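Observations on chain architecture
Single-letter residue listing:
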Amino acid sequence: RKALDILIRSTTGLTAAHASRHAGRHRGVLFLAGPTGVGKTELAKSITELVFGDDRAYARFDMSEYSSEQSEARLIGAPPGFVGHDAGGQLTNAMRQRPFSLVLFDEIEKAHPRILDKFLQILEDGRLTDGRGGTVHFSEAIIVFTSNLGIYKVDETGRRVQNVAPGTPYEELEVRVREEIVNHFTLTLNRPELLNRIGDNVIVFDYISPEIGARLVDLYLQNVAHRVQKELGVPLTYSDSVRSKLTEIAVADLSLGGRGIGATLESSFVNPLARALFARNDDSLAANAVFVERDPDGIWEVELG
């Protein structure tokens with residue numbers, strides 16, 4: 001709902017309408033928080049495709065690569081007199097080349113605090129000055145931050161402990177995650193003004209439920225069948241019992257979200273399927289996965305019929 005509100009507000013030209021009579025800021029900002037593998041980046045890609053007609057019309061910045069103070073030069077360009085001054089910055093160059101785009105800052109909590117200061121100007125004025133003195137504008141861009149803040153926290157003894165887990169009621173999960181986000185920006189970073197500029201645009205994702213996990217298994221299996229047909233020209237089918245078995249395996253641990261489900265399917269189905277297809281004698285026959293089981297050595301096996 002929040003994502004839709006931002007898009008509708010942008011379409012009607014009412015972004016930051018309460019703050020100024022004139023447009024000029026970004027088209028909208030979203031802060032997507034929650035566990036890993038639950039679709040935060042996928043939502044950003046879907047918004048990109050919806051708004052700009054191309055899911056590749058986004059610039060992604062992994063903020064773990066900007067954890068040092070010196071990495072500021074990579075983002076906005078080196079100042080005059082320094083090596084690489086004429087090259088410009090990765091962010092500013094990306095906005096010059098494609099002003100109509102979504103800018104995704106992944107895992108924002110891993111960025112150096114000095115890097116975060118640059119976002120104050122972007123979120124407040126919708127513009128940024130690079131190392132060469134040129135100004136780039138974000139007035140046609142959508143700004144998206146993603147973060148895993150709140151899933152773990154530091155306890156009284158200084159140890160990193162899990163704050164929420166699969167099965168935590170969503171209402172409680174949302175409160176705990178938001179609380180850790182506020183603590184991180186106000187107490188740890190001492191930058192409450194950045195969180196203030198993000199405002200109420202924080203969306204907390206829940207863990208993937210077993211029902212959603214089962215739908216993801218179906219989607220991933222369809223992708224596998226499509227790839228086998230495309231690469232080998234072999235129609236691949238599997239019975240309900242095979243699907244049920246794989247679903248049971250894949251949703252047993254949902255702490256890693258969709259990526260964890262994909263990794264489980266790769267080890268329990270894709271790898272043994274590839275071995276079985278590689279060993280087939282008659283390439284003209286369709287493949288039917290008869291069963292999926294572990295052998296005595298614990299290795300997954302797929303038998304084709």
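Residues numbered from 1 in each chain as written. Predicted model: local features only at pLDDT ≥ 70, side-chain atom pairs only at ≥ 80, totals over all residues. Heavy atoms only, no water.

Okay, the packing of helix 9 (residues 240-250) against helix 10 (residues 257-278) next. It is the contact of helix 9 with helix 10, at a shortest axis distance of 9 Å, that shows an interaxial angle of 130°. Considering the angle they form, helix 9 stands oblique to helix 10. In the crossing of helix 9 with helix 10, the sense of the turn from one axis to the other is right-handed. In this structure, helix 9 uses Leu-246, Ile-249 and Ala-250 to contact helix 10, whose residues at the interface are Ile-261, Thr-264, Leu-265, Ser-268 and Phe-269. (Axes fitted to C-alpha atoms, helices over the stretch in contact; angles between N-to-C directions. Helix = DSSP H or I, 4+ residues; strand = E, 2+ residues; numbered from the N terminus. Parallel < 35°, antiparallel > 145°, perpendicular 65-115°, else oblique. Left-handed = near helix turned anticlockwise from the far one by under 90°. Contact = heavy atoms within 4.5 Å.)

What follows concerns the pairing of strand 12 (residues 300-304). The pairing of strand 11 (residues 287-294) with strand 12 spans five bridges and is antiparallel. If you follow Arg-294 over to strand 12, its bridge partner there is Trp-300. (Pairing = 2+ DSSP bridges.)

Along its 13 residues, helix 5 (residues 113-125) runs 19 Å from first to last C-alpha, staying within 8% of the 18 Å computed at 1.5 Å per residue. Restricting attention to buried positions, one finds in helix 5 the residues Ile-115, Leu-116, Phe-119, Leu-120, Ile-122 and Leu-123. Backbone geometry just after helix 5 places Gly-126 at a positive phi near 70°. (Expected span 1.5 Å × (residues − 1). Buried < 20%, exposed > 50% of the residue type's maximum accessible area, 1.4 Å probe, protein only.)

What follows concerns unusual backbone geometry. Of note, the phi angle at Glu-107 is positive, near 55°, even though the residue is not glycine. In this structure, Glu-107 sits in the loop between strand 3 (102-106) and helix 5. With phi around 60°, Asn-190 is a residue other than glycine that occupies positive phi space.

If you walk across this open sheet you meet the three strands as 10-11-12, and the pairing is mixed. Both outer strands of the open sheet, strand 10 (236-238) and strand 12, are each paired with one neighbouring strand and no more. The mean angle between the axes of side-by-side strands here comes to 40°, regardless of whether they run parallel or antiparallel. Sheet analysis places strand 10 next to strand 11, joined by three bridges and oriented parallel. Counted as the bridge partner of Thr-237 is Asn-288 from strand 11. The strands that helix 9 touches are strand 10, strand 11 and strand 12; relative to strand 11, the one it contacts most, it runs at about 40°. Where helix 10 meets the sheet, it contacts strand 10, strand 11 and strand 12, and its direction lies at approximately 50° from that of strand 12.

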